[in-house]
Amino acid sequence: MKLLIVEDDEEIVDAICLAFRIRWPEAEIVSTRYGERGVELAESEQPDIVILDLGLPDISGFDALRNIRRSSSVPIIIVTVRGEEADIIKGLEWGADDYITKPFKQLELIARIKAQTRRQAPPEEEIVSGSLQLNTVTGQLYHGNKETDLTVTQTRILSHLMRNAGHVVTHSSLAEATWGDDYPGATDNLKVHIRRLRKKIEEDPGSPVLIITKPGIGYLFSKQ
C-alpha cells in the first residue's frame, strides 16, 4: 500500500508516519508540502490513497484536489483544521472521499484509511439495473447512450443502491458499504455525495426519480 501525504506541517507528517510504522509498517509513504508537487506525485507515484491538507504554501488544497481528480480516481482524505460546514461540503463535492478535522486521533485516521483501501473495487464486475450499467472497477456508468465517470465513493454508493434496487437502504447500511463504518457525520457526508451523484445521473436533480430520499431512514433506488 502506498500513501501520499500532501501536508506542510512536519509534525503532522511525522505523527502519521509514526502511526503507520507501528500499525501498518509495510506501507510505503511519499510526502510533499506543496500542492502542485502533490498533484504531480499523485500521477507519477500512483498511490493507493492520498491525505491532503487544505492550507498549503503554494496553492489551495481545493485546487490540488480538483487537479488530482481530473486525472485520477484515487481515494482522497482531506485532513485539515478547517471544520466549517461550507468547507466540508465543498471538499466532498469536489471529489474528496472523506474529511477529517485536526486535531485527529491517529488510530481513527488509520481506520479511515484502511476502510477506504478495503472498499476498493473487487475484480471486474458489472451491475445492471434496467437501462443502467455500472462498471465497479472503472467507475463508468452507462445510461442508454450516455457514459458518465464516477468517483470511487460515488461508485461504491451507487453500486450498493443498485444491488438493492427496489428496497430502502438505511443511512447506516450505506455508510458501512461505502466507508466500512457508520462513523459520526457519515449521514451528512452521504447527503453531499448523493446530491453530487444525482447531478450526474438524474435528468432533473431537483426532482429525482432514480435515487429517492426516505427522510430519516435512507435512500431507495427505484427499479428501472
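Counting from 1, residues in each chain are numbered in the order their sequence is written. The predicted origin of the model limits local features to residues at a pLDDT of at least 70 and limits the giving and counting of side-chain atom pairs to 80 or more, whereas totals for whole chains, interfaces and linings rest on all residues. The side-chain figures draw on all heavy atoms in the structure; neither hydrogens nor water molecules are used.

**Student:** Teacher, can you tell me more about the pairing of strand 3 (residues 49-52) here?
**Tutor:** Regular strands show a simple pattern: their side chains alternate between the two faces of the sheet. Relative accessibility decides the category of a residue: with a 1.4 Å probe and only protein chains considered, values under 20% of the type maximum give buried, values over 50% give exposed, and everything between is partly exposed. In this description a helix means any DSSP run of H or I spanning at least four residues, a strand means any run of E spanning at least two, and both kinds are numbered starting from the N terminus. Because side chains alternate across strand 3, one face comprises the buried residues Ile-49 and Ile-51, and the other comprises Val-50 and Leu-52, equally buried. Relative to strand 3, strand 1 (residues 2-6) runs parallel, the two being bridged by four bridges. Bridge pairing links Ile-5 to Ile-51 in strand 3. Following DSSP output, two strands are said to pair if at least two bridges run between them. Relative to strand 4 (residues 76-80), strand 3 runs parallel, the two sharing three bridges. If you follow Ile-51 over to strand 4, its bridge partner there is Ile-77. Convention used here: a crossover is right-handed provided that the path from the first strand, over the helix, to the second strand proceeds clockwise when the strands point away from the viewer. Regarding topology, helix 3 (residues 61-69) serves as the crossover connection from strand 3 to the parallel strand 4, and that connection is right-handed.

**Student:** Looking at this model, I keep getting lost on the packing of aromatic side chains. Mind explaining?
**Tutor:** Aromatic ring pairs: the centre-centre distance and the angle between the two ring planes describe each pair. When the centres of two rings from Phe, Tyr and Trp lie within 6.5 Å, Trp using its six-membered ring, the rings pair. Their planes under 30 degrees apart give stacked, over 60 give edge-to-face, and anything left gives tilted. Applying the stated criterion across every chain yields a total of two aromatic pairs. Consider the rings of Phe-20 and Trp-24, whose centres lie 5.6 Å apart with planes at 10 degrees: the pair is stacked. Taking 5.8 Å as the distance between ring centres and 70 degrees as the angle between the ring planes, the aromatic pair formed by Phe-62 and Trp-94 counts as edge-to-face. Of the two residues, Phe-62 is situated in helix 3 and Trp-94 in the loop between helix 4 (85-93) and strand 5 (98-101); the sequence distance between them amounts to 32 residues.

**Student:** So what exactly am I meant to see when it comes to the sheet that holds strand 11 (residues 211-214) here?
**Tutor:** Sheet strands line up and pair through hydrogen bonds in the backbone, either parallel or antiparallel. Read from one edge to the other, the open sheet built from three strands follows the order 10-12-11, with strand pairing classed as antiparallel. Two strands in the sheet have a free side with no partner beyond their single neighbour: strand 10 (168-170) and strand 11. Averaged over all adjacent pairs, the angle separating strand axes in this sheet is 30 degrees, with direction ignored. Judged from the four bridges that link them, strand 11 and strand 12 (residues 218-221) form a sheet pairing that is antiparallel. Paired with Thr-213 across the two strands is Tyr-219, which belongs to strand 12. Inter-axis angles, ranging from 0 to 180 degrees, are taken between N-to-C directions of lines fitted to C-alpha atoms, where helices are fitted over the stretch in contact.

**Student:** What is the right way to look at the packing of helix 4 against helix 8 (residues 186-201) in this model?
**Tutor:** Contact geometry for helix 4 and helix 8: axes closest at 9 Å, N-to-C directions at 45 degrees. When the axes of helix 4 and helix 8 are compared, the pair comes out oblique. Relative to helix 8, the crossing made by helix 4 is right-handed. Across the interface between the two elements, Ile-88, Ile-89, Leu-92 and Glu-93 of helix 4 pack against Asn-189, Val-192, His-193, Arg-195 and Arg-196 of helix 8. Here the angle decides the label: under 35 degrees means roughly parallel, over 145 means roughly antiparallel, 65 to 115 means roughly perpendicular, and every other value means oblique. For a crossing to be left-handed, the near helix must be turned anticlockwise from the far one by less than a right angle; the clockwise case is right-handed. In this description, contact between two residues means that some pair of their heavy atoms is separated by no more than 4.5 Å.

**Student:** Would you mind showing me how to read the packing of helix 6 (residues 152-163) against helix 8 here?
**Tutor:** In a pair of packed helices, the angle between the axes and the distance between the axes together describe the arrangement. Running from amino to carboxyl end, helix 6 crosses helix 8 at an angle of 85 degrees, the nearest separation of the two axes being 10 Å. The orientation of helix 6 relative to helix 8 falls into the category roughly perpendicular. Contact residues: Thr-153, Gln-154, Ile-157, Leu-158 and Leu-161 in helix 6; Leu-190, His-193, Ile-194, Arg-196, Leu-197, Lys-200 and Ile-201 in helix 8.

**Student:** Whenever I open this one, a negative patch on the surface confuses me. Can you help?
**Tutor:** Each patch is built from residues that are more than 30% exposed by relative accessible area and take part in no salt bridge. Like charges join if they lie within 9 Å; nonpolar side chains (Val, Leu, Ile, Met, Phe, Trp, Tyr) join within 5 Å. Surface exposure here means Shrake-Rupley accessible area, sampled with a 1.4 Å probe, where a residue is shielded only by the protein chains that are shown. Salt bridges are defined by distance alone: a side-chain nitrogen of Lys or Arg within 4 Å of a carboxyl oxygen of Asp or Glu. As used throughout, the charge tally considers Lys and Arg to be positive and Asp and Glu to be negative, leaving His and the chain termini uncounted. In plain terms, the charge of a residue is placed at NZ if it is Lys, CZ if Arg, CG if Asp and CD if Glu. On the surface, Asp-9, Glu-10, Glu-11 and Asp-14 cluster together to form a negatively charged patch. In this fold, Asp-9 is placed in the loop between strand 1 and helix 1 (10-23). Asp-9 sits in the partly exposed class, given a relative accessible area of 33%.

**Student:** What should I look at first to understand the pattern of salt bridges in this one?
**Tutor:** Should the charged atoms of two oppositely charged side chains come close, the side chains can pair. Inspection of every chain in the model, using the stated rule, returns 11 salt bridges. With its nearest N and O atoms 3.2 Å apart, the salt bridge here joins Arg-82 to Asp-87. You can call Asp-87 buried: its relative accessible area is 13%. With a shortest N-O distance of 3.0 Å, Arg-195 and Glu-93 are connected by a salt bridge. Remark: Glu-93 occurs in helix 4 and Arg-195 occurs in helix 8; sequence separation between them is 102 residues. By relative accessible area, Arg-195 is classed as partly exposed at 35%. If you follow the salt bridges from partner to partner, you end up with Glu-7, Asp-53 and Lys-102 in one network.

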